[in-house]
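Here is how the chains run, residue by residue.
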Amino acid sequence: MTVTAARGFRAAGVPAGLKSSGGRDVALVVNDGPSAVAAAVFTTNRVVAAPVVWSRTAVGDGIARAVVLNSGGANACTGPEGFADTHATAEHVAERLGVSSGDVLVCSTGLIGERLDMPALTAGIDTAAAALSADGGRDAAEAIMTTDTVAKTVHVEGGGWSVGGMVKGAGMLAPALATMLCVLTTDAELDAAQADAALREATRLSFDRVDSDGAMSTNDTVILLASGASGVRPEPAAFQEALTSAAQQLARQLIADAEGASHDVAVTVTGGTDETAALAVARAVTRSNLFKAAMFGNDPNWGRIIAAAGTVPEDVAPYDPLLLDVTINGVQVCRAGGVGEDRSLVDLAADREIHVEIALHAGDAPPVTVWTNDLTHDYVHENSAYST
């Protein structure tokens, strides 16, 4: 269930002193081949960290041999010096592994606006390189955690090939990735174009469908490495299904560990004119603090749901407000834009998961689901004290 579940990969996660807790904070994932195909997607935030700038360029040729990741510092908004630190990090990894620095991707996560402790980081890289192992995936997943309470990993089997992965993230989860670092690995034989297309589609249907708090990070990165070690070239549809499944499982783990959350909430929109319209309505609801606070209070307040749906412009999501239906955990509390079943029939306290369905009755687009979580006292406390 890790990045080393697929053949051809080694990993390590070690403590280097970047975290005040003394926990693991430097991870290294190495692709031993025979292939070194890579693809990546990044945050769409206009403010980006130095590692994002570096890795965007490095992965441009569709090749990567290694990924080095650190927690304990984002290396974002650190100026030319911060980019020099990222460059030096890639160079140091390359020297230890005997590869080109242009084939080393760099990821960082933590507090924005502070330089990394480079002596500690480079020493950690040395330790991680010496500890690389086919069993090191779990340690690597632990090393990238920040406010996460558990390591997040996945393994999906294909026909003689497989997909493995790890992700970190527990807050600032919004479309355009989330405050997350993710490494997916496969031993399938892929070319760079297939890897890139498959990763973008998998991301569209997974990490872009979780929205914890409407916030977007500066460091978001999702990387796919393909070793080809299985010797099997899967059918594109089969590989797409496996990769999407892996990404969706990781995305659900993000929501399940969202900062302070007591409920995981799925908002599904049916009957949209197209996917874009349905997705816009789902996102409007999942980003409503009023709705999320109601979910924390176990209050099936459907008025907040249709009010949020009504904020989406008509040219984006055409529908008749007088036809809206809302169902919460199987109880249709709103029918035709008005009162439905008695809301007291909905028991939100009984389960961690809450399922909300909004029927637009405007078209026959497939259902769209966005996962979010409730807004709790613990979330406010944790984020009010993050930098202290």
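Model, not experiment: these values are computed from the prediction. (Residues numbered from 1 in each chain as written. Predicted model: local features only at pLDDT ≥ 70, side-chain atom pairs only at ≥ 80, totals over all residues. Heavy atoms only, no water.)

### What to know about the sheet that holds strand β13 (residues 338–339)
Logical step 1: Pairing is mixed in the open sheet, where six strands are placed in the order β13-β12-β11-β14-β10-β15. Each edge of the open sheet is held by one strand with a lone partner, namely β13 and β15 (368–373).
Logical step 2: Two elements, strand β11 (residues 325–328) and strand β12 (residues 331–335), share three bridges in a ladder whose sense is antiparallel. Looking at the pairing, Val326 lines up with Cys334 of β12.
Logical step 3: Helix-sheet contacts for helix α7 (residues 275–286) involve β10 (264–270), β14 (353–359) and β15, and the interaxial angle to β15 is about 15 degrees. (Pairing = 2+ DSSP bridges. Helix = DSSP H or I, 4+ residues; strand = E, 2+ residues; numbered from the N terminus. Contact = heavy atoms within 4.5 Å. Axes fitted to C-alpha atoms, helices over the stretch in contact; angles between N-to-C directions.)

### Quick word on the nonpolar core
When a protein is soluble and globular, its nonpolar side chains tend to lie buried together.
Logical step 1: Leu28, Val29, Val67, Leu69, Met166, Val183 and Leu225 are the most contacted members of the largest nonpolar core, which has 51 residues in total.
Logical step 2: The biggest single contributor to this core is helix α3 (residues 118–131), with six residues.
Logical step 3: If sequence neighbours within four positions are ignored, Val67 has contacts with Ala27, Leu28, Val29, Leu105, Cys107, Val183, Ile223 and Leu225.
Logical step 4: Counting residues in each nonpolar core, the second largest holds 35 residues, with Leu279, Ala308, Val368 and Val370 among its members. (Core = buried A, V, L, I, M, F, W, Y, C linked by side-chain atoms within 4.5 Å. Buried < 20%, exposed > 50% of the residue type's maximum accessible area, 1.4 Å probe, protein only.)

### Observations regarding the sheet that holds strand β1 (residues 9–14)
Logical step 1: One open sheet accounts for four strands, arranged β1-β2-β4-β5; its pairing is mixed. Looking along the sheet, the strands with just one partner apiece sit at the ends: β1 and β5 (104–108). Pairwise comparison of adjacent strand axes, ignoring direction, gives a mean angle of 10 degrees for this sheet.
Logical step 2: Inspection of the sheet shows strand β2 (residues 26–31) paired to strand β4 (residues 66–70) by five bridges, in the antiparallel sense. Following the sheet pairing, Val26 is matched in β4 by Asn70.
Logical step 3: Running at roughly 130 degrees to β5, helix α2 (residues 79–97) makes contact with β2, β4 and β5 of the sheet.

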